[in-house]
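# Chains, contacts and geometry: an overview
The lines below spell out each chain.
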Amino acid sequence: MADSAKGLHESALDYLPSGGGLPALRRAAADCRGCVLYAHATQTVFGLGPADARTVLVGEQPGDQEDRQGKPFVGPAGGRAAAQGTGRSRDR
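These numbers were taken from a predicted model, which means no experiment stands behind them. All residue numbers refer to positions counted from 1 along the written sequence of the respective chain. Whole-chain, interface and lining totals are the exception, using all residues; otherwise, since this is a predicted model, local features are given only for residues with pLDDT of at least 70 and side-chain atom pairs are given and counted only at 80 or more. In computing side-chain values, all of the structure's heavy atoms are included and hydrogens and water are not.

### Notes on the overall build of the protein
Note the threshold: Each helix corresponds to a stretch of at least 4 residues labelled H or I by DSSP, and each strand to a stretch of at least 2 residues labelled E; elements are numbered beginning at the N terminus. To sort residues, take the accessible area from a 1.4 Å probe on protein chains only and compare it with the maximum for the residue type: under 20% means buried, over 50% means exposed, and anything in between is partly exposed. Throughout, a residue-residue contact means that at least one pair of heavy atoms, one from each residue, lies within 4.5 Å. Per-residue and other accessible areas were derived by the Shrake-Rupley procedure at a 1.4 Å probe size, with only the shown protein chains allowed to occlude residues.
A tally of helices and strands in the protein yields three helices and zero strands. What you see in the protein, going N to C, is helices and strands ordered as α-α-α. A burial count over the protein gives 12% of its 92 residues as buried. For the protein, contacts bridging at least 24 residues in sequence account for 35% of all contacts bridging at least 6. Carbon and sulfur atoms form 53% of the exposed surface of the protein, whose accessible area is close to 7,300 Å².

Given below as structure tokens:
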């Protein structure tokens, strides 16, 4: 649970909204301080694509290229995924 007197949080779970869908999750991710990943990041890399996508790719923490551009899978990992012929567009 959050320690509101000190503004400390024990985990990212303390930042999860109880509702509001993807827009609320995007805002929560931008404000999250539940782990050390935020410390060196310049922005949140939330994701792209439609909310009702049939397939979702989830990566680990964003690399430097993703952090700079604010988009997922634009660095080496994205190139590897494309090279493996996923046949998927980022927009579908």
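### A look at the environment of V58
The topology assignment puts V58 in the loop between α1 (21-31) and α2 (64-69). Separated by 11 residues in sequence, V58 and G47 have C-alpha atoms that sit 9.1 Å apart.

### Quick notes on unusual backbone geometry
Despite not being glycine, F73 shows a phi value in the positive range, around 60°. By relative accessible area, F73 is classed as partly exposed at 26%.

### Some thoughts on the environment of H40
Looking at the element boundaries, H40 is found in the loop between α1 and α2. The exposure class of H40 is exposed, given its relative accessible area of 76%.

### Some remarks on a nonpolar patch on the surface
Rule in force here: Only residues whose relative accessible area exceeds 30% and that form no salt bridge are eligible for patches; like-charged ones are grouped when within 9 Å, while nonpolar side chains (Val, Leu, Ile, Met, Phe, Trp, Tyr) are grouped when within 5 Å. Take a side-chain nitrogen of Lys or Arg and a carboxyl oxygen of Asp or Glu: if they are within 4 Å of each other, that pair is a salt bridge.
Judged by side-chain polarity, L13, L16, L22 and L25 come together as a nonpolar surface patch covering roughly 380 Å² of accessible area. Looking at the element boundaries, L16 is found in the segment before α1.

### Describing the side chain of E66
Checked against the element boundaries, E66 lands in helix α2. Setting aside anything within four residues of it in sequence, one finds E66 in contact with V45, K71, P72, F73, V74 and G75.

### Re the confidence of the model for the protein
For clarity, the cut-off: pLDDT is defined as a per-residue confidence score from the predictor, taking values between 0 and 100.
Averaged over the protein, the pLDDT score is 81; the fraction of residues at 70 or greater is 79%. The least confident element of the protein is helix α3 (residues 76-83), whose mean pLDDT is 75; the most confident is α1, at 93. Note that residues 1-5 has pLDDT below 50 and, in this model, six contacts with residues that lie over four places away or in other chains.

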